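So you can see what is in the structure, the chains are spelled out below.
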Amino acid sequence: MNTYMILIHISCNTLTQALEIADFLLNEKLLYNAMISEKLLNKHLQHGQKKGVEQTLVIGTTKALLFNEIKDTVRKHFFDDAPLIYAMPIIYMDEDQTEKLQIETQKV
């Protein structure tokens, strides 16, 4: 079975939020793995002005078909301070890792 995989990015406002989201998604088998990187500077435009805020990034691999469930679940549980969520397709991945991802995440 050929399952499309993605690299999901969740840009969190605090390290605590990132750890909670990563643990929750791993427990629910929505992510195969999660890497957390602290103190990234997010520069963006807000009302035409440049703004910079420190954020913590959760990066994880999962099945593309789980994206909407991940997005909806994170919004539901972290609605007060919802993070930015987006995904990029994984074009190539080691066959053994692909098989482990397919086994360890939710069936779709």
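Right above here is the structure, for reference.
A quick note: this is a predicted structure, and the numbers were derived from the prediction, not measured.

J.: In this structure, what is going on with the pairing of strand β1 (residues 5–12)? I would like to understand it.
T.: Consecutive side chains along a regular strand alternate between the two faces of the sheet. Burial analysis of β1 places seven of its eight residues in the buried class, the great majority of the element. When β1 meets strand β3 (residues 49–63), the two strands line up antiparallel, connected through eight bridges. Within the sheet, the bridge partner assigned to serine 11 lies in β3 and is leucine 57. Pairing between β1 and strand β4 (residues 84–89): six bridges, direction antiparallel.

J.: Hey, could you run me through the environment of methionine 35 in this one?
T.: Within the secondary structure layout, methionine 35 lies in strand β2 (residues 33–46). In the structure, methionine 35 is positioned 26 residues away from histidine 9 in sequence and 9.7 Å away in space, judged by C-alpha atoms. Not counting chain neighbours up to four residues away, the residues in contact with methionine 35 comprise Leu57, Val58 and Ile59.

J.: Please explain the nonpolar core as it appears in this structure.
T.: The nonpolar side chains of soluble globular proteins are, as a tendency, buried together. Core analysis: the largest hydrophobic core is formed by 17 residues, its most contacted members being Ile8, Ile10, Ile21, Leu25, Ile70 and Val74. Taken together, the elements giving at least two residues each to this core come down to β1, α1 (15–27) and α2 (67–77). With sequence-adjacent residues up to four places away left out, isoleucine 8 is seen in contact with Leu31, Val58, Ile59, Gly60, Phe67, Ile70, Ile85, Tyr86 and Ala87.

J.: What am I meant to see in the sheet that holds β1 here?
T.: The strands making up a sheet associate through hydrogen bonds between their backbones, and the pairing can be parallel or antiparallel. If you trace the four strands from one edge of the open sheet to the other, you get β2-β3-β1-β4, paired in antiparallel fashion. Edge positions in the sheet fall to β2 and β4, since each of these pairs with one other strand and no more. Geometrically, the sheet is characterised by an average inter-axis angle of 30 degrees between neighbouring strands, direction not taken into account. Most of the contacts of α2 go to β4, to which it runs at about 165 degrees, and overall it touches β1, β3 and β4. Its contacts with the sheet place helix α3 (residues 95–104) against β1 and β3, and it is angled at close to 90 degrees to β3.

J.: Is there a simple way to think about the environment of alanine 82 in this case?
T.: For alanine 82, the position within the fold is in the loop between α2 and β4. For the pair alanine 82 and glutamine 55, spaced 27 residues apart in the sequence, the C-alpha separation amounts to 13 Å.

About the criteria used
Residues numbered from 1 in each chain as written. Predicted model: local features only at pLDDT ≥ 70, side-chain atom pairs only at ≥ 80, totals over all residues. Heavy atoms only, no water. Buried < 20%, exposed > 50% of the residue type's maximum accessible area, 1.4 Å probe, protein only. Helix = DSSP H or I, 4+ residues; strand = E, 2+ residues; numbered from the N terminus. Pairing = 2+ DSSP bridges. Contact = heavy atoms within 4.5 Å. Core = buried A, V, L, I, M, F, W, Y, C linked by side-chain atoms within 4.5 Å. Axes fitted to C-alpha atoms, helices over the stretch in contact; angles between N-to-C directions.

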